Number of protein chains: 2
Amino acid sequence: MNKDPLLGYISTYVKLTAEEETLLLSKVIYRSYLKDQYIVQQGDVCKSINFITSGCTKTFYMNAKGQEHIVSFSIEDWWTSDLGSFINKTPADFNIQCVENTKLIQFTNENMEELYEKIPKLERLFRKIVERAFISSQKRIIRNFSLSAKERYQIFKETYPKIEQRVPQYMIASYLGITKEFLSKIKSQLLHH
Amino acid sequence: MNKDPLLGYISTYVKLTAEEETLLLSKVIYRSYLKDQYIVQQGDVCKSINFITSGCTKTFYMNAKGQEHIVSFSIEDWWTSDLGSFINKTPADFNIQCVENTKLIQFTNENMEELYEKIPKLERLFRKIVERAFISSQKRIIRNFSLSAKERYQIFKETYPKIEQRVPQYMIASYLGITKEFLSKIKSQLLHH
DNA sequence: AAATGAAGTTAAACTAGATTAACATCTAAA
DNA sequence: TTTAGATGTTAATCTAGTTTAACTTCATTT
């Protein structure tokens, strides 16, 4: 039925007519990236909002000392972008890099504006998507404050079992806000209970 | 011109007609709370999205050990809610409590849905509001990972000078994710440089 | 089959920030 | 005017997590 993964995804939020679906697909760009390629580089303006159809990316901040801090991983059926940079056309705070070969569907800022005008239902779609993202971001702040690294790791494994198996351990440590050495210690503690 | 602070605020995002403004005002509830009163209690379902017209609130999570972790402060012209609870009608993760006597304008879930149907421009308004909230939440996660408590305190002072003067220091410590004793130490370090 | 490098482990020494506890200051009520 | 509660400070001790560094394991290339 839904030949396109994006349309399938959208239909779970809002119902588009056939014409709207055609218009939408005419305004998106299909792209493939190889493992390790950058979709967005910190300092550049982020030109797209991206819907991932296959693969895996990491969004990270690199500080002055050259340390990576991973904000999020994204896999199939998730969105990724530096939203602040995309909306305000300011230099990106984050890098988005492929952890696997990745296929995605891009919306540029101009196409996005046009689509919002022509298909107002998309305002609702993206309102809801951003609401969810915001809610989970708030929860993450609280978890980082109130839980130990070990507890955060256990919750990560439960919440994102797929991601845990697909990305190297040192990236998980970075996502959790700890060093790879300390995550290694936590894992051995959990093994030898 | 704009007799109502809410309409004034909204007009900076989207232009409403006089009829739309009237409809909107007919669907909101004006409320006053005293200092220390709760607007939302953790565990209850959060029934409203609130636009603050005067006063100050704190949104915090209380963990199993009874420790408060402040997620955010809100003052005039800001919104406050437990969005996850409001949208999904699930028990609230957070408490929202007044730090000062506070006046606010409430949108219930049903009124909100009705307003979205009748004034589609509001979808855009709230999309943009939530986008901003999400962007700053992401930045906060990164700051908590990559900066020391002293640096976070300095950024807090620069970013929210008004709030710093209005809330007690132990709440700022909680917002920063540190103890009041450690914030006290940081302040004396900054004084006697 | 050896060599290179990326990813993960272990352990010792170290530090940012927590905990505990005693004390200080301020305010508002009685 | 005293008292009591809330807020803030100082200092000693403690700990979760970092740093550094040496070592292991595994996959890929030559």
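Everything numeric here is computed off the predicted structure, so don't read it as measured data.

**So, the environment of N144(A)**
Then, number 1: Relative to the elements of secondary structure, N144(A) occurs in helix 5 (residues 121–146).
Then, number 2: Along the sequence, N144(A) and G177(A) sit 33 residues apart, while their C-alpha atoms lie 8.3 Å from each other.
Then, number 3: Residues within four places of N144(A) in sequence aside, it is in contact with R152(A), I141(B) and F145(B).

**Considering the sheet that holds strand 5 (residues 68–75) of chain B**
Residue and element names in this part refer to chain B.
Then, number 1: Pairing in this open sheet of 4 strands is antiparallel, and the strands run 2-7-4-5 from one edge to the other. Edge positions in the open sheet fall to strand 2 (38–40) and strand 5, since each of these has one partner strand only. The average angle at which neighbouring strand axes cross in this sheet is 30°, direction not considered.
Then, number 2: In terms of strand pairing, strand 4 (residues 56–62) meets strand 5 through 7 bridges, oriented antiparallel. In the sheet register, Y61 faces strand 5, and the bridge partner there is H69.

**Structural notes on the protein's contact with DNA strand C**
Then, number 1: In the vicinity of DNA strand C, 13 residues are found, and the nearest of them are Q169(A), Y170(A), E181(A), S184(A) and T179(B).
Then, number 2: Sugar plus phosphate, as a fraction of atoms of DNA strand C within 4 Å of the protein: 77%.
Then, number 3: In the environment of DNA strand C, a phosphate oxygen lies 2.9 Å from a nitrogen or oxygen atom belonging to the side chain of S184(A).
Then, number 4: Contact distances for DNA strand C include 3.2 Å between a phosphate oxygen and a backbone N or O atom of A149(B).
Then, number 5: For the surface near DNA strand C, the secondary-structure elements that each account for two or more residues are helix 8 (169–176) and helix 9 (180–191) of chain A together with helix 9 (180–191) of chain B.
Then, number 6: Of the residues forming the surface near DNA strand C, the biggest block, 3 residues, is contributed by helix 9 of chain A.
Then, number 7: For the surface near DNA strand C, the residue count by class is 5 nonpolar, 6 polar and 2 charged.

**Re the relation of the copies chain A and chain B**
Then, number 1: Once chain A is rotated about the relating axis by 180° and shifted along it by 0.0 Å, it coincides with chain B to within an RMSD of 0.0 Å. In the structure described here, the two chain copies are related by an operation that fits a two-fold rotation axis.

**Digging into empty space enclosed by the protein**
Residues and elements named next belong to chain A.
Then, number 1: By the definition in use, this model includes 3 cavities of 30 Å³ or more.
Then, number 2: Estimates place the volume of the largest cavity at around 110 Å³.
Then, number 3: Around the largest cavity, the lining residues are R140, R143, N144, R152, I155, F156, T159, Y160, Y175 and L176.
Then, number 4: If you list the elements that add at least two residues to the lining of the largest cavity, you get helix 5, helix 6 (149–159) and helix 8.

**As for the layout of surface pockets**
All names here are of chain A.
Then, number 1: Estimates place the volume of the second largest pocket at around 320 Å³.
Then, number 2: As for the second largest pocket, its lining consists of 13 residues, and the residues nearest its centre are Q67, E68, S174, I178 and T179.
Then, number 3: At the level of elements, strand 5 (68–75) and helix 8 are the ones that each hand at least two residues to the lining of the second largest pocket.
Then, number 4: Residue contributions to the lining of the second largest pocket peak at 4 residues, all from helix 8.

**Side note on the protein's contact with DNA strand D**
Then, number 1: By nearness alone, 13 residues border DNA strand D, and T179(A), Q169(B), Y170(B), E181(B) and S184(B) come closest of all.
Then, number 2: Backbone atoms, meaning sugar plus phosphate, form 76% of the atoms of DNA strand D positioned within 4 Å of the protein.
Then, number 3: Between DNA strand D and T179(A), the relevant distance is 3.1 Å, taken from a phosphate oxygen to a main-chain nitrogen or oxygen of the residue.
Then, number 4: Contact distances for DNA strand D include 2.9 Å between a phosphate oxygen and a side-chain N or O atom of S184(B).
Then, number 5: Broken down by secondary-structure element, the contributors of at least two residues to the surface near DNA strand D are helix 9 of chain A together with helix 8 (169–176) and helix 9 of chain B.
Then, number 6: When residues of the surface near DNA strand D are assigned to their parent elements, the largest contribution, 3 residues, is made by helix 9 of chain B.
Then, number 7: In the surface near DNA strand D, the residues fall into 5 nonpolar, 6 polar and 2 charged.

**Remarks on the interface of chain A and chain B**
Then, number 1: Between chain A and chain B, the residue contacts involve 34 residues of the former and 34 residues of the latter.
Then, number 2: Summing the contributions of chain A and of chain B, the shared interface buries around 3300 Å²; its carbon and sulfur component is 67%.
Then, number 3: The interface formed by chain A and chain B includes 8 salt bridges.
Then, number 4: Note that E117(B) is salt-bridged to R124(A), the shortest N-O span being 3.3 Å.

Conventions and cut-offs
Counting from 1, residues in each chain are numbered in the order their sequence is written. Chain letters and ligand numbers both follow the written order, the letters beginning at A and the numbers at 1. The predicted origin of the model limits local features to residues at a pLDDT of at least 70 and limits the giving and counting of side-chain atom pairs to 80 or more, whereas totals for whole chains, interfaces and linings rest on all residues. Calculation of side-chain values draws on the structure's entire complement of heavy atoms; hydrogens and water are dropped beforehand. Helix and strand assignments come from DSSP, with helices taken as H or I runs of at least 4 residues and strands as E runs of at least 2, each series counted from the N terminus. Contacts are residue-level and defined by heavy atoms, with any inter-residue pair within 4.5 Å sufficient. Strands are labelled as partners when DSSP assigns at least two bridges between them. The axes used here are C-alpha line fits, helices contributing only the stretch in contact, and every angle between their N-to-C directions lies in the interval 0 to 180 degrees. Being near a molecule or strand, for a residue, comes down to having at least one heavy atom within 4 Å of it. Any pair of nitrogen or oxygen atoms within 3.5 Å is treated as a polar contact; in protein, a donor-acceptor pairing is required on top of that, and neighbouring residues in sequence qualify only through side-chain atoms on both sides. Note on residue classes: Ala, Val, Leu, Ile, Met, Phe, Trp, Tyr, Cys and Pro are nonpolar, Asp, Glu, Lys and Arg are charged, and everything else, Gly too, is polar. Fitting of the copies onto one another was done by least squares over C-alpha atoms, counting residues only where both copies have pLDDT of at least 70. Put simply, the grid is 1 Å and covers the protein atoms alone, a cavity is a trapped set of points that fit a 1.4 Å probe, a pocket is an open set with protein on both sides within 12 Å along at least five of seven lines, and lining residues have an atom within 4 Å of a point. Grid points are joined across faces, edges and corners, and a volume is the space filled by probe spheres set on the points. Here the quantity called buried area is the total loss of accessible area, with a 1.4 Å probe, experienced by two parts when brought into contact, counted for both. Any carboxyl oxygen of Asp or Glu within 4 Å of a side-chain nitrogen of Lys or Arg constitutes a salt bridge here.

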